[in-house]
Amino acid sequence: SHYRRIRQILKEQPLGQAVEIKGWIRTRRDSKGFSFLEVNDGSCVANIQVIAEENLPRYQEDILRLTTGCSVRISGQLAASPAKGQDVELKAAEVEVYGWADPETYPLQKKRHSFEFLREIGHLRPRTNSLGAVARVRSALSFAVHRFFQEQGFQYIHTPIITTSDCEGAGEMFTVTTLDLNNVPRKEGRTDFSEDFFGRQASLTVSGQLEAEIYCLALGNVYTFGPTFRAENSNTSRHLAEFWMVEPEMAFCDLAQDMEVAESFIKYLVQYVLEHCPEEIELFNNFVDKGLKGRLAAVLEQDFARITYTEAIERLTTCGKKFNFPVSWGADLQSEHERYLCEEVFKRPLIVSDYPKAIKPFYMRVNDDDTTVAAMDILVPGIGEIIGGSQREERYDQLLGRLEEQGLSREDYGWYLDLRRYGTAPHAGFGLGFERLIQFVSGMANIREVIPFPRTPGSASL
Ligand code: ATP
Ligand code: MG
Ligand code: MG
Ligand code: MG
């Protein structure tokens, strides 16, 4: 017989054909003369129902001992199912057990477990319905990210993980070093061998943007999609120490075009997941967040709202609502402010632009008012900031002035200044936090549920 994934069998329904499945037992129920097995192989949300009759070989010895988590190979014939809620069932001819899962110790049982509990068993949690669904959605959306940009002729650039440039200048970097001083390359005449492996302090990247700009000003439109690292000493439901970021960088592009691309990118990804992962979305909507489908539909129906930072501050200071963090022009928006604006005022995704230059990094283009920069954040209901972007400062003198203002050394950014010295061009880009996107499309409240192995303060094991 023919081995097939359960997803394929349920879709094609090859009635009367001999098929073989391999997967893990979800439940077993016994009736007089036969047992029902629910089997899942990780290819989809749905289980396939298997009927195993008592005249099968090893029925007493094996089949009646099957419990949640056991791995099996089952061959048989696909039949139409009389049961409600399923079209087909597999009438087993042979059941082979690969691995048992002792119910006395196996932590996953038929009941629902809390996400907090599942975090403690990171090696087993992808076997649950909800975390398995998250993993499939993550995979599908990774592909969609590449498809969106590749369809539009963007080149995918691999920017370095280990770097000596501090993109955000926020001091959130993890430094990279070696403990084995014998491994440090020794320069002639140098006696201090404690110097770093790289000859100067190197760190894990907080963003691939600066390096992406190099390729943008050579190839035109480019994007990066890779891991980034931030020593965020805060325990929130939206921050990780290691997360994945998608960063397009576009040549001959201004802030308005940057916002257009970002908005159509989010819409594309939402459309993609609705089309390619409908069962996963259904599951999230039923068991994680009842408002999910409505919110995703709303993303596609309407244009994103747009306001400037100055207007946002006006709204926040006149709305009469008490916030934990005070609001005033010049202070960065906190997540409570961001969420209030898009959940209660606009009730849809919102783009906020033109932030004060004092709270933004040196590379953002200064506006004509000389107090704000051509920056934009996209805020979504339930999360707050999901994208941060800007038009970059392409004018040499202005950039140099900004570096000096922020106390950054001209030598460290020599190559970055060169991009403005030779054939400079207006360009813009943004960074999408991939985990925040997965939170948005799954309704997962905590970012620890949407990455396979979350790294947070105090936690870097499984
Ligand atoms: P926040 O204000 O939420 O701390 P940020 O403004 O510091 O975010 P950016 O430097 O603009 O973040 O990074 C671009 C995007 O990367 C953010 O919009 C967000 O989606 C995501 N991001 C930033 N920091 C983290 C983090 N620690 N964990 C997960 N995603 C993050
Ligand atoms: Mg931050
Ligand atoms: Mg921010
Ligand atoms: Mg930001």
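Residues numbered from 1 in each chain as written. Chains lettered and ligands numbered in written order. Predicted model: local features only at pLDDT ≥ 70, side-chain atom pairs only at ≥ 80, totals over all residues. Heavy atoms only, no water.

## Quick look at helix α11 (residues 414-421)
- Residues of α11 that are buried: Tyr 416, Leu 417, Leu 419 and Arg 420. What you see down the axis of α11 is that its buried residues fit within an arc of 145°, all on one side.
- Contacts from the buried residues of α11 go to α4 (209-219), α10 (396-405) and β17 (427-433).
- Looking at the residues trailing α11, positive phi occurs at Gly 423, about 60°. (Buried < 20%, exposed > 50% of the residue type's maximum accessible area, 1.4 Å probe, protein only. Helix = DSSP H or I, 4+ residues; strand = E, 2+ residues; numbered from the N terminus. Arc of directions from axis to C-beta. Contact = heavy atoms within 4.5 Å.)

## Looking at the packing of aromatic side chains
- A full pass over the atoms with the stated rule returns 19 aromatic pairs.
- Centre to centre, the rings of Phe 148 and Phe 265 are 4.9 Å apart; their planes meet at 45°, and the pair counts as tilted. Within this pair, whereas Phe 148 is found in helix α3 (residues 129-151), its partner Phe 265 is found in helix α5 (residues 255-276), the two being separated by 117 residues in sequence. Each member of the pair, Phe 148 as well as Phe 265, is classed as buried.
- Here the aromatic rings of Phe 225 and Trp 244 are separated by 5.9 Å at their centres, their planes lie at 85°, and the arrangement is edge-to-face. Of this pair, Phe 225 sits in strand β11 (residues 222-229) while Trp 244 is found in strand β12 (residues 242-251), placing the two residues 19 residues apart along the sequence.
- Pairwise contacts between aromatic rings join Phe 148, Phe 149, Phe 154, Tyr 156, Tyr 223, Phe 265, Tyr 268 and Phe 430 into one cluster.
- Its guanidinium or amino end placed over the ring of Tyr 3, Lys 22 lies 4.8 Å from that ring's centre, counting from NZ or CZ. (Phe/Tyr/Trp six-rings, centres within 6.5 Å; stacked < 30°, edge-to-face > 60°. Lys NZ or Arg CZ within 6 Å of the ring centre and 35° of its normal.)

## Regarding the domain arrangement of the protein chain
- What the domain assignment lists for the protein chain is domain 1 (6-105) and domain 2 (125-170 + 206-449).
- Computed from C-alpha coordinates alone, the two centres of domain 1 and domain 2 are separated by 45 Å.
- Listed by partner, the interface residues are seven residues for domain 1 and eight residues for domain 2.
- Taken together, the two surfaces of domain 1 and domain 2 that pack against each other cover about 610 Å², and 38% of this comes from carbon and sulfur.
- Taken as a group, Arg 7, Arg 26 and Val 45 account for 67% of the area that domain 1 buries against domain 2, more than any other trio of residues on that side.
- Seen at the junction of domain 1 and domain 2, the total is three residue pairs in polar contact (both at pLDDT 80 or more).
- Classifying every residue of the side of domain 1 that touches domain 2 gives two nonpolar, three polar and two charged. (Domains from an automatic or database assignment. Buried area = accessible area lost by both parts, 1.4 Å probe. Polar contact = N/O pair within 3.5 Å; in protein donor to acceptor, adjacent residues only side chain to side chain. Nonpolar A, V, L, I, M, F, W, Y, C, P; charged D, E, K, R; others polar.)

## So, the side chain of His 113
- Here His 113 is to be found in the loop between β6 (88-99) and α2 (115-119).
- In terms of polar contacts, His 113 uses its side chain to reach the backbone amide nitrogen of Gln 109, at 3.0 Å.

## Considering a nonpolar patch on the surface
- A surface patch of nonpolar side chains, about 320 Å² in accessible area, is lined by Ile 161, Ile 162, Phe 197 and Phe 198.
- One can find Phe 198 in the loop between β9 (175-176) and β10 (202-204). (Patch = residues over 30% accessible without salt bridge, like charges linked within 9 Å, V, L, I, M, F, W, Y side chains within 5 Å. Areas by Shrake-Rupley, 256 points an atom, 1.4 Å probe, with all protein chains shown as cover. Salt bridge = Lys/Arg side-chain N within 4 Å of Asp/Glu carboxyl O.)

## Digging into the site of ligand 1
- Close to ligand 1 lie 16 residues, the nearest being Arg 230, Glu 232, His 239, Glu 385 and Ile 386.
- The contact in question runs from a nitrogen atom of ligand 1 to an N or O atom on the backbone of Leu 240, over 2.9 Å.
- Looking at the shell around ligand 1, the elements with two or more residues in it are β12, β16 (384-391) and β17.
- The biggest single contributor to the shell around ligand 1 is β16, with four residues. (Near = heavy atom within 4 Å.)

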